[in-house]
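Take a look at the letters that make up each chain.
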Amino acid sequence: MAASDWGLCKDCEWWQIDPGANIADTTMGLCTEEALQPFRLRVSGNSGCNHYTPGEPARAAGSSAAPPTAEPQR
């Protein structure tokens, strides 16, 4: 795996957080990457994986709930 394929959730377009939430290491949100959506992964900004795509997170209420209640916005 190339290092460029891996990155932190807080810098990824597939990370979805609650409206008004700060982009931070400890902020919890929903991973909305298409292949991972069935798992309803709740991840912190400090989490990371090889499905990383640089970008701004989406926002939807319920993204940080345990389990997440928001629908993916992308």
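Okay, so let's go over this structure. The numbers attached to residues start from 1 for each chain and follow its sequence in the written order. Residues qualify for local features only when their pLDDT is at least 70, as the model is predicted, and side-chain atom pairs are given and counted only at 80 or more; totals for whole chains, interfaces and linings, by contrast, use all residues. The basis for the side-chain values is all heavy atoms of the structure; hydrogens and waters are excluded.

## Regarding the overall build of the chain
Along its length, the chain carries zero helices and six strands. Runs of H or I in DSSP of at least four residues are treated as helices and runs of E of at least two as strands, each being numbered from the N terminus. Secondary structure elements in the chain, listed N-terminal to C-terminal, are β-β-β-β-β-β. In this setup the radius of gyration rests on C-alpha atoms only. A globule is expected at 2.2 Å times the number of residues raised to 0.38. Against the globule reference of 11 Å for 74 residues, the chain gives a C-alpha radius of gyration of 11 Å, in line with a compact fold. With the C-alpha coordinates of the chain rotated into their principal frame, the extents come out at 35 × 25 × 20 Å.

## Considerations on the side chain of D18
Mapped onto the elements of the fold, D18 is located in the loop between β2 (15-17) and β3 (28-31). Burial classes: relative accessible area under 20% of the type maximum marks a residue as buried, over 50% as exposed, and values in between as partly exposed (1.4 Å probe, protein chains only). In this charge count, Lys and Arg are treated as positive and Asp and Glu as negative; neither His nor the chain ends contribute. Throughout this description, the term salt bridge denotes a Lys or Arg side-chain nitrogen within 4 Å of a carboxyl oxygen of Asp or Glu. For the buried D18, no salt bridge is present, and the opposite-charge side chain at shortest range is R42, 8.0 Å distant. Within polar-contact distance, the side chain of D18 engages the backbone nitrogen of S63 at 3.0 Å. Residues within four places of D18 in sequence aside, it is in contact with R59, A60, A61, G62, S63 and S64. Any pair of nitrogen or oxygen atoms within 3.5 Å is treated as a polar contact; in protein, a donor-acceptor pairing is required on top of that, and neighbouring residues in sequence qualify only through side-chain atoms on both sides. Residues count as neighbours in contact if any of their non-hydrogen atoms are within 4.5 Å of one another.

## Here's the deal with the environment of C12
When you line up the elements, C12 lands in the loop between β1 (7-8) and β2. Counting along the chain gives 46 residues from C12 to A58, while the straight-line C-alpha distance between them is 9.4 Å. Among all residues touching C12, those that are not within four sequence positions of it are Y52, T53, G55, E56 and P57.

## Quick look at the sheet that holds β3
The rule for pairing is simple: two strands pair if DSSP sees at least two bridges between them. Overall, mixed pairing links the four strands, which are arranged β4-β3-β2-β6 in an open sheet. Two strands lie at the open edges of the sheet, namely β4 (42-44) and β6 (58-59), each paired on one side alone. With two bridges joining them, β2 and β3 adopt antiparallel strand pairing. Residue pairing in the sheet places Q16 in a bridge with L30 of β3.

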